[in-house]
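Structure assessment
Each chain is listed here by its residues.
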Amino acid sequence: MSDARVHLTALQTALAQVLFGQEQVIRELLATAVAGGHALLEGLPGLGKTLLARAFAEASGLSYRRIQFTPDLLPADVTGTEILEDGQFVFRQGPLFAQVVLADEINRATPKTQSALLEAMQERGVTVGGTRYALPEPFLVLATQNPLELEGTYPLPEAQLDRFMSKITVQAPPRATWIRILSEEPVAPQPVEGLDLLKARAESQQVVVSQPALEAIANTAQLASEEKHLRMGLSPRGAKAWLHLAKALAYLAGRAHLEWDDLRNAARPALSHRLLLTEEAQFEGLRVEQIIQDLLRRTMPK
C-alpha cells in the first residue's frame, strides 16, 4: 500500500467520526478529490453537507473558504475584483482562491453568478481585467444544492452541471445512526500528516483498465444517446469523468485493476446529473437512476 493511499484511508476514518453513517458519501467525495474533479452535494438542509466540506478541508490540511450563495451575490463577490490603490488598479482575490471552496446552496444564486464558477472549475483560473490568475492546486469545489422542489432555487444550467465530476446524494441516516447522532458529539478532525492528493491522483491514473471495460463505457454512451426518455445523453467529458471516478474508487480500495463493480459504483454519482430526463419521462414518474441501471444491465456482465 502506498503512503498516499495510507493517508487517504486515515482521512476516510477521520471523516467517518464527523459525519456518522455516511460512509458511501465520504467514499464518493474522496474518489472525486483523488480523480481531480468537483463534487455537487445534494440533499435536504441539515444532513451535514456543510459539515462534511469543512471537515474534509480541515483533515486534509488544505486552505478552505466558504461562499454563501444568495440571490444578491455578484460574480465579483466570488472571483474577486480590481480596486484603485495608490493610483493604480490592484486585484483583490475573492474567496474562490482557496484549495477547497464550499459553494453553499449554489442553486439559490442567479445564473449569472453561478456561471462565475465555470472558468475556475474547468480552467483552474479566473480572468479579471484581461489578466488570468491561477488558482491553487489541488483545487476542489464542493457545492451544496437543495432539491429543486424547495422554494427560491434556480436550476443549474447543463454547462454548469457538467463541470461537476460527481453528484453525491446525501440522504437521512438509518435509525441506529440517529441514536448515535443524538448521543455523541462529532470528533473534530485533526490534519492527516503527509497527505498528498496530487500524488494520490497520479497513482490512481495508473489503475489498469481492460478493453471490455472501455467498450462498456462507449456502449453505454451510445445507448444513452438513443434512449427516448433522455433529452441529453452522455458527452465524452462525462464518459471520461465516469472512468476517472471508477479508477479512483478502485485505487481507494487498493486495487491495481479496474473491476466491474468500480464502474457500477461510479455510474450514479458520475452520470445522474448528466443524463437529463425528458418532460414526458418526468411526468411518468421515471427517475434517472432507473435509466442508469437499465443501461448498465445492457452493457455490463452480471
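Residues numbered from 1 in each chain as written. Predicted model: local features only at pLDDT ≥ 70, side-chain atom pairs only at ≥ 80, totals over all residues. Heavy atoms only, no water.

Under the criterion given, the structure shown has two aromatic pairs. On the basis of an interplanar angle of 65° and a centroid distance of 5.8 Å, the ring pair of Phe-91 and Phe-97 is categorised as edge-to-face. A single burial state applies to Phe-91 and to Phe-97, both of which are buried. Residue classification places Phe-91 among the buried residues on the basis of a relative accessible area of 14%. Among the aromatic side chains, those forming a connected cluster through ring pairs are Phe-91, Phe-97 and Tyr-133. Positioned above the aromatic ring of Phe-20 is the side chain of Arg-180, whose terminal nitrogen or guanidinium carbon lies 4.0 Å from the ring centre. (Phe/Tyr/Trp six-rings, centres within 6.5 Å; stacked < 30°, edge-to-face > 60°. Buried < 20%, exposed > 50% of the residue type's maximum accessible area, 1.4 Å probe, protein only. Lys NZ or Arg CZ within 6 Å of the ring centre and 35° of its normal.)

On to the pairing of strand β5 (residues 100-104). The buried fraction of β5 amounts to five of the five residues, a majority that puts the element mostly inside the structure. Residues Val-100, Leu-102 and Asp-104 line one face of β5 and the alternating positions Val-101 and Ala-103 line the opposite face, and both faces are buried. The sheet contact formed by strand β2 (residues 64-68) and β5 spans five bridges and is parallel. Its bridge partner lying in β5, Arg-66 is registered against Leu-102. Alignment of β5 against strand β8 (residues 140-145), held across four bridges, turns out to be parallel. Looking at β8, one finds that Leu-102 is bridged to Leu-142. (Helix = DSSP H or I, 4+ residues; strand = E, 2+ residues; numbered from the N terminus. Pairing = 2+ DSSP bridges.)

Here we take up the layout of surface pockets. Considered as a void within the structure, the largest pocket measures approximately 1200 Å³ in volume. Counting residues per element, the lining of the largest pocket draws most heavily on helix α2 (residues 23-35), at four residues. Within the lining of the largest pocket, the residues separate by chemical class into 17 nonpolar, ten polar and ten charged. Put simply, the second largest pocket is a space of about 290 Å³. In this structure, the second largest pocket is lined by 17 residues; those nearest its centre are Gly-36, Gln-122, Arg-163, Met-165 and Arg-237. At the level of secondary structure, the elements contributing two or more residues to the lining of the second largest pocket comprise α6 (117-123) and α11 (236-252). Ranked by residues supplied to the lining of the second largest pocket, first place goes to α11 with four residues. In the lining of the second largest pocket, the residues fall into five nonpolar, six polar and six charged. (1 Å grid on protein atoms, 1.4 Å probe; cavity = no way out; pocket = protein on both sides within 12 Å on 5 of 7 lines; lining within 4 Å. Points joined across faces, edges and corners; volume = space filled by probe spheres on them. Nonpolar A, V, L, I, M, F, W, Y, C, P; charged D, E, K, R; others polar.)

Within the secondary structure, Asp-294 is located in helix α14 (residues 288-299). For Asp-294 and Val-128, which are 166 residues apart along the polypeptide, the C-alpha to C-alpha distance reads 45 Å.

Here Ala-14 lies in helix α1 (residues 3-16). Judged by relative accessible area, which is 18%, Ala-14 ranks as buried. Sequence separation between Ala-14 and Pro-136 is 122 residues, and the spatial gap between their C-alpha atoms is 24 Å.

Time to look at the pattern of salt bridges. A complete count under the given rule lists 15 salt bridges for this structure. The closest approach of N and O atoms between Arg-268 and Glu-28, which form a salt bridge, is 2.8 Å. Of this pair, Arg-268 sits in helix α12 (residues 260-271) while Glu-28 sits in helix α2, and the two are 240 residues apart along the sequence. Here Asp-294 ties to Arg-298 by a salt bridge, and the two come within 3.4 Å at their closest N and O atoms. On the criterion of helical spacing, the pair formed by Asp-294 and Arg-298 is a turn pair, its members being four residues apart in helix α14. (Salt bridge = Lys/Arg side-chain N within 4 Å of Asp/Glu carboxyl O.)

Pairing is parallel in the open sheet, where five strands are placed in the order β2-β5-β8-β1-β9. Single-partner strands in this sheet number two, and they are β2 and β9 (166-169). Each adjacent strand pair in this sheet contributes to an overall mean axis angle of 20°, direction not counted. Note that strand β1 (residues 39-42) and β9 share four bridges and pair parallel. By the bridge assignment for β9, Glu-42 is matched with Thr-169. (Axes fitted to C-alpha atoms, helices over the stretch in contact; angles between N-to-C directions.)

Now for the nonpolar core. Counting 70 residues, the largest nonpolar core has Leu-8, Leu-11, Leu-15, Phe-56, Trp-242 and Leu-275 as its most contacted members. Residue contacts for Leu-15: discarding those within four places in its chain leaves Ile-26, Leu-30, Leu-52, Ala-55, Phe-56 and Ala-59. One finds Leu-40, Leu-73, Leu-96 and Leu-117 within the second-largest nonpolar core, a separate group that totals 25 residues. (Core = buried A, V, L, I, M, F, W, Y, C linked by side-chain atoms within 4.5 Å. Contact = heavy atoms within 4.5 Å.)

Each packed pair of helices is defined by two parameters, the angle between the axes and the distance between the axes. The interhelical angle for the contact between α2 and α11, taken along N-to-C directions, is 110°, at an axis separation of 8 Å. Accordingly, the angle class assigned to the pair α2 and α11 is roughly perpendicular. Between α2 and α11 lies a crossing of right-handed hand. Where α2 approaches α11, its residues Arg-27, Glu-28, Leu-30, Ala-31, Thr-32, Val-34 and Ala-35 are matched on the opposing element by His-244, Leu-245, Ala-248, Leu-249, Tyr-251 and Leu-252. Per-class residue counts for the contact of α2 with α11 are nine nonpolar, two polar and two charged. (Parallel < 35°, antiparallel > 145°, perpendicular 65-115°, else oblique. Left-handed = near helix turned anticlockwise from the far one by under 90°.)

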